[in-house]
Amino acid sequence: MEPHGEGMVQGLCSTFGAAAAGLSYVGAYVINTYKSYDNFLQDKYALLPAVIIICVAVVMFIIGLIGCCATFRESRVGLGLFLAIILVIFIAEVSAFVLGFVYREKVKTDVQGTMRSVFEKYDGKNPESTVVDYLQEQLHCCGVKNYSDWTTTQWFNSTGNNSVPQSCCQQEAKNCTGHLDQPQELNTRGCAQELEAGLQSVIGYAMLVILGFAIVKFFGMLSVCVLTCKKEESGYQPLYSGVFA
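Everything quoted here is computed from the prediction, not taken from an experiment.

What counts and how
Residues numbered from 1 in each chain as written. Predicted model: local features only at pLDDT ≥ 70, side-chain atom pairs only at ≥ 80, totals over all residues. Heavy atoms only, no water. Helix = DSSP H or I, 4+ residues; strand = E, 2+ residues; numbered from the N terminus. Buried < 20%, exposed > 50% of the residue type's maximum accessible area, 1.4 Å probe, protein only. Contact = heavy atoms within 4.5 Å. Areas by Shrake-Rupley, 256 points an atom, 1.4 Å probe, with all protein chains shown as cover. Salt bridge = Lys/Arg side-chain N within 4 Å of Asp/Glu carboxyl O. Disulfide = S-S within 2.5 Å. Phe/Tyr/Trp six-rings, centres within 6.5 Å; stacked < 30°, edge-to-face > 60°. Core = buried A, V, L, I, M, F, W, Y, C linked by side-chain atoms within 4.5 Å. Expected span 1.5 Å × (residues − 1).

A. Spatial organisation of the overall build of the protein chain. Within the protein chain one finds six helices and zero strands. Each helix and strand of the protein chain, placed in order from N terminus to C terminus, yields the pattern α-α-α-α-α-α. Within the protein chain, the proportion of its 245 residues that are buried is 42%. Contacts in the protein chain between residues far apart in sequence, at least 24 positions, make up 71% of those at least 6 positions apart. By element, 61% of the accessible surface of the protein chain is carried by carbon and sulfur atoms, the whole surface being about 13,400 Å².

B. Just the pattern of salt bridges, in detail. Applying the stated criterion to the full structure yields one salt bridge. Glutamate 194 serves as the salt-bridge partner of arginine 189, at 2.3 Å between the closest nitrogen and oxygen.

C. Region of the structure containing the state of the cysteines. This structure, assessed with the given rule, holds three disulfides. Two residues, cysteine 142 and cysteine 168, share a disulfide whose sulfurs are 2.1 Å apart. Between cysteine 142 and cysteine 168, the S-S dihedral sits near 80 degrees, and the bridge is therefore right-handed. With a gap of 26 residues between them, cysteine 142 in the loop between helix 4 (127-139) and helix 5 (154-159) and cysteine 168 in the loop between helix 5 and helix 6 (191-233) connect regions that are remote in the sequence. Take cysteine 142 and cysteine 168: they sit in the same class, and that class is buried. Here cysteine 169 engages in a disulfide with cysteine 176; their sulfurs sit 2.1 Å apart. Across the S-S bond linking cysteine 169 and cysteine 176, the dihedral sits near -70 degrees, which makes this disulfide left-handed. This pair shows no difference in class: cysteine 169 is buried, exactly as cysteine 176 is.

D. Representation of unusual backbone geometry. Residues other than glycine seldom take positive phi values, yet histidine 140 does so here, at roughly 55 degrees. Checked against the element boundaries, histidine 140 lands in the loop between helix 4 and helix 5. Notably, asparagine 162 is not glycine yet its phi reads approximately 55 degrees, a positive angle.

E. Molecular detail of the packing of aromatic side chains. A full pass over the atoms with the stated rule returns five aromatic pairs. Taking the centre distance of 4.9 Å and the plane angle of 75 degrees together, the rings of tyrosine 122 and tryptophan 150 count as edge-to-face. Here tyrosine 122, found in the loop between helix 3 (76-120) and helix 4, pairs with tryptophan 150, found in the loop between helix 4 and helix 5; they are 28 residues apart in sequence, far enough to count as distant. On the accessibility criterion, tyrosine 122 (7% relative accessible area) is buried. Taking 5.3 Å as the distance between ring centres and 85 degrees as the angle between the ring planes, the aromatic pair formed by tyrosine 122 and tryptophan 155 counts as edge-to-face. Of this pair, tyrosine 122 sits in the loop between helix 3 and helix 4 while tryptophan 155 is found in helix 5, placing the two residues 33 residues apart along the sequence. Neither residue differs from the other here; tyrosine 122 and tryptophan 155 are each classed as buried.

F. Molecular detail of the nonpolar core. In terms of nonpolar packing, the biggest core is built from 29 residues, with Met115, Phe119, Leu135, Trp150 and Leu195 touching the most fellow members. At the level of elements, helix 3, helix 4, helix 5 and helix 6 are the ones that each hand at least two residues to this core. In terms of residue count, the dominant contributor to this core is helix 6 (six residues). Counting residues in hydrophobic clusters, the runner-up holds 24 residues, among them Ala19, Ala20, Val56 and Met221.

G. Main features of helix 4. End to end, helix 4 covers 18 Å across 13 residues, agreeing with the expected 18 Å (1.5 Å per residue, within 8%). Within helix 4, the full set of buried residues consists of Ser129, Val131, Val132, Asp133, Leu135, Gln136 and Leu139. Once helix 4 ends, the next one or two residues include histidine 140, with phi positive near 55 degrees.

Written out as structure tokens, the structure reads:
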């Protein structure tokens, strides 16, 4: 194999190693974000794109090693295997991109219905209450659509003090008690809107990363094809050489 050809494949191997690390981080980040709010997400298949990303990262690390071995041994079979696996990963990444797009739109309908049922179970003591308080504190939100949603809950009617949970209070409001007579001290944005925006942002970020690496794979496949063809042709002299000289 020509020196520049070896350098090209070795460069691809290094790129795949870096890409594997990047994809692993993105996949883990998506899964971690999902688990933080999984009480409000009914469809567990939303994790599928992230799982595909991590599997692709593992396989990419392996094919990086295969590509390097094929380069050093100048193996046409190794390069062919390298190309085949890159093609499989390219298809997997395109699938993950499409699934990410599908679930990014599905988040809107999934979040609101599930969130409302969790908020209805709030009593200030049970596990659902802990999850709701955590959500409202982390996202600086209150209620499903806005803080007035609390007035229809069983917890609000049972307390009778005309207030919402203190997790609805703004961070800078030190003396906030959650009383509805002081709405200026409460977070007014709904949690459904905030969670939807956050999850869609994470999925969108992951989709961009997947798309970027898929483009790298595409050009990687072209490069390996060129190198393989050059290797096949290097031992032969064209039949027409010298005929029209």
